[in-house]
Amino acid sequence: MTSWFEALPAFMVALLILALPGAAVLTALRVRGLMAFCLTPAVSVSVLAVSAVVAPVIHLPWNIPVVLLGTAIATAAAWAAHRFIPVLRLAAPASEGKPGAGIGAATIGVLTALAMTTALLTLVAGNPEQFTQGYDSVFHLNATAYAVKTSNASSFAISSFILPTVKSAFYPGAWHGLSSLLVILTDISIPAATNIMWLAVAGVVWPLSCVFLTRVLFGTRLLLLVCAGALAAAFPAFPWLLLQYGSAYPNSLSNALVPVGIGLVLLIIRPSAHTGLEPVQALAVVVLFLPGAVTAQPNGVFSILLVLTPLLGYLLYAWLRTGFRRSHRHGLNRVVLLIATLAAVAVALLALPQIRSLFNYTSPAFLSFPLALLRNFTHAPAPIWFPALALTILVLVGARTGFRLPGLQWLPASLFLLSFTYPLTAGMDFAPANIAMAPWWDNPERVAALMPLLAVPLSALGLVRSVDWLKVRFPATLARPARWKQNVTMSAAAGLVVVLAFSNPGLWQMKGQVGIMYNVPAEPDGLAQVDAHELALIHRLDSYTTTKDVIANNPYNGSALAMALANRTMLFPYSSQGDLSPDLYTLRFWLNRIGSDQQVCAAAKRQGVTYLLDFGTDYIPAFDNPRSLYPGVTLAPDSDAFTLVASDGHARLFKLTLCGGVAVP
């Protein structure tokens, strides 16, 4: 695939993957119109993620049949729920006026966001085959390759390729299920599928989620929906920062779904202030939403709670106050119940090793606290520095306007809270702050990506409020258009968003930083996993090896990428591979003795080692971790056991020809 134009059919398949399962389920649940239009991707992710988990249990491969089966079961369950649960059957969606108008406005906004996102992506990646060279990219590309190879995308199996001694471990695999299904259906490469699915999530799913939350918060005004969809692509902190960092593809999927979760919770707990779905319908959709949210990246659930913390805190305070007004004893009972519930939830969460491990990570401060606060508030987190002044003003106008709306007095408090999250991790070294940010690994980039969750709908409201103010100030110039001119007005608003976005130097700074991550340097570069020589040799591996061969390697020099890029089995497929079998430990430290040492030779035979891919000692930055030491692999090219069969610059491929003193044919 040499051009983005060639990727168009695969992109359409990606959209179908994200649309059809959810559309079928929501239709059965009798959710229609704009609400269904926006909720469809979130429900599809859940259906696909659950189908992937169930597939190996019922001995079915990960492919279109199991997706159809999962969709059929979920659709039947939704139909039965609507048919046999009285409150759900009697619930009716709130009036949306002309449903087609809302969908049309949302479509204009989303298409604008998609166009901007596509334009920037094609500028940083010349073709879909390019891949980001971040630290996490190796795992996510190889995990997708593993799902394709094994026909298993279960969240309880997706990390098995780096856990040789663990039978089953949970790792959120919804992203890898989506990208691997795209590979299976279209037969495109792993990097191409990754880029195309990221574009579908960042350019379609995320704007739709923002439209949904904006609709729930501020109503059905068409101009507002257009602005919300379009502005989703205007903030550098998301979706671009997570692509530049990592790349954190699962977290990108999770963040793209978070606005949906926020909106659904509001529909349940504040039905007097928010319309679109009745509470019982919203609760039913929450049941459909949660599996996808958890298997995309569980910290998305914490993100929902974080944004709603001021509102939830106020509701709990009001609940306790009501109890004490009834009687002192009644109030104390509520306090005890609240404490017991919170303690039970904490114990249940901390019982999970995945949750406990979050507290092992801390990020050292690299900015002063005031500067980190300013950067976060002006939507310019590192590595960019230019503040998005116009967007910041729109957010402030939106917050001021929203504060005056019934039931939305909590919005400025949530914006204030989000503003302080980034400084807590990037601007200070304080244990309580590290604990508070633990759900996001105390990681500045993941935390900075939270700010647009509220900034997008608030800036949309601010832009509409500004337009209304101008109409009042200049009535002769900006008179209200005739009804037939409504589409022209919405298109003009979308165009204004494009101007605001592309006139922000910070967005272009982010484009430059993302471009660095896609760059393949001509020579070894500490910022890149592989250079041009190494990549060229990876692409030639099929001339010397087969899919049955096992290739020894040091994963910290980029060689592990051969798993995803060349469909080869790597002895060490990921750098942070903490779980190693006894044989792997032996080969890691003593592979250079394989020619004469019988124990090392026996370990190599059991692992099926036949080749050695040597990319030298130009290690990625994580080499400062002692676990990155692979002395046996590093010294193996100098032993008599390996014979050079191919090279490109410093990158070399060796064949195992001597094992335990016996020649290997």
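Everything that follows concerns the structure shown earlier in this document.
Conventions used here
- Residues numbered from 1 in each chain as written.
- Predicted model: local features only at pLDDT ≥ 70, side-chain atom pairs only at ≥ 80, totals over all residues.
- Heavy atoms only, no water.
- 1 Å grid on protein atoms, 1.4 Å probe; cavity = no way out; pocket = protein on both sides within 12 Å on 5 of 7 lines; lining within 4 Å.
- Points joined across faces, edges and corners; volume = space filled by probe spheres on them.
- Helix = DSSP H or I, 4+ residues; strand = E, 2+ residues; numbered from the N terminus.
- Patch = residues over 30% accessible without salt bridge, like charges linked within 9 Å, V, L, I, M, F, W, Y side chains within 5 Å.
- Areas by Shrake-Rupley, 256 points an atom, 1.4 Å probe, with all protein chains shown as cover.
- Salt bridge = Lys/Arg side-chain N within 4 Å of Asp/Glu carboxyl O.
- Buried < 20%, exposed > 50% of the residue type's maximum accessible area, 1.4 Å probe, protein only.
- Axes fitted to C-alpha atoms, helices over the stretch in contact; angles between N-to-C directions.
- Parallel < 35°, antiparallel > 145°, perpendicular 65-115°, else oblique.
- Left-handed = near helix turned anticlockwise from the far one by under 90°.
- Contact = heavy atoms within 4.5 Å.
- Nonpolar A, V, L, I, M, F, W, Y, C, P; charged D, E, K, R; others polar.
- Expected span 1.5 Å × (residues − 1).

Q: Can you walk me through empty space enclosed by the protein in this structure?
A: Over the atoms rolls a probe the size of a water molecule, and its path tells where empty space is left. Under the definition given, this model contains 1 cavity of 30 Å³ or more. Each pocket or cavity is described by its volume, and for the largest cavity that value is around 30 Å³. Every residue along the wall of the largest cavity is listed here: Val45, Leu48, Ala49, Ala52, Trp62, Ala153, Gly173, Ala174, Gly177 and Leu178. Elements with a minimum of two residues in the lining of the largest cavity: helix H2 (33–57) and helix H7 (174–186).

Q: I tried to follow a nonpolar patch on the surface on my own but got confused; where do I start?
A: On the surface, Val50, Val54, Val57, Ile58, Leu60, Leu69 and Ile73 cluster together to form a nonpolar patch covering roughly 560 Å² of accessible area. Elements with a contribution of two residues or more to the nonpolar patch: H2 and helix H3 (64–84). Counting through the fold element by element, Val57 comes out in helix H2. Overall, Val57 belongs to the exposed group, its relative accessible area being 61%.

Q: I tried to follow the packing of helix H1 (residues 8–28) against helix H8 (residues 190–218) on my own but got confused; where do I start?
A: Orientation of H1 relative to H8, taken along the N-to-C sense of each, is 60 degrees, at an axis distance of 9 Å. With respect to H8, the element H1 is oriented oblique. Note on packing geometry: the crossing formed by H1 with H8 is right-handed. In this structure, H1 contributes Ala10, Phe11, Ala14, Leu15 and Leu18 to the contact, and H8 contributes Ile196, Met197, Leu199, Ala200, Val204 and Val205. Tallied by class, residues from the contact of H1 with H8 come to 11 nonpolar, no polar and no charged.

Q: Help me understand H3, please; the structure alone is not making it clear to me.
A: Counting along an α-helix, one turn takes 3.6 residues, and residues three or four places apart therefore face a common direction. In this model H3 runs 30 Å from its N-terminal to its C-terminal C-alpha over 21 residues, within 8% of the 30 Å that 1.5 Å per residue would give. Looking at the packing, one finds that the buried side of H3 touches H1, H2, helix H4 (86–90) and H7.

Q: What is the right way to read the pattern of salt bridges from this model?
A: It is possible for side chains of opposite charge to pair when their charged atoms get near one another. Within this structure, the stated rule accounts for 5 salt bridges. Measuring nitrogen to oxygen at the nearest pair gives 2.8 Å for the salt bridge that ties Asp583 to Arg606. Separated by 23 residues along the polypeptide, Asp583 in helix H27 (residues 582–590) and Arg606 in helix H28 (residues 598–607) bring together distant segments of the chain. Residue Asp614 pairs with Arg652 through a salt bridge whose shortest N-O separation is 2.7 Å. Pair noted here: Asp614 is in strand E3 (residues 609–614) and Arg652 is in strand E5 (residues 651–656), with a separation of 38 residues, a long-range link.

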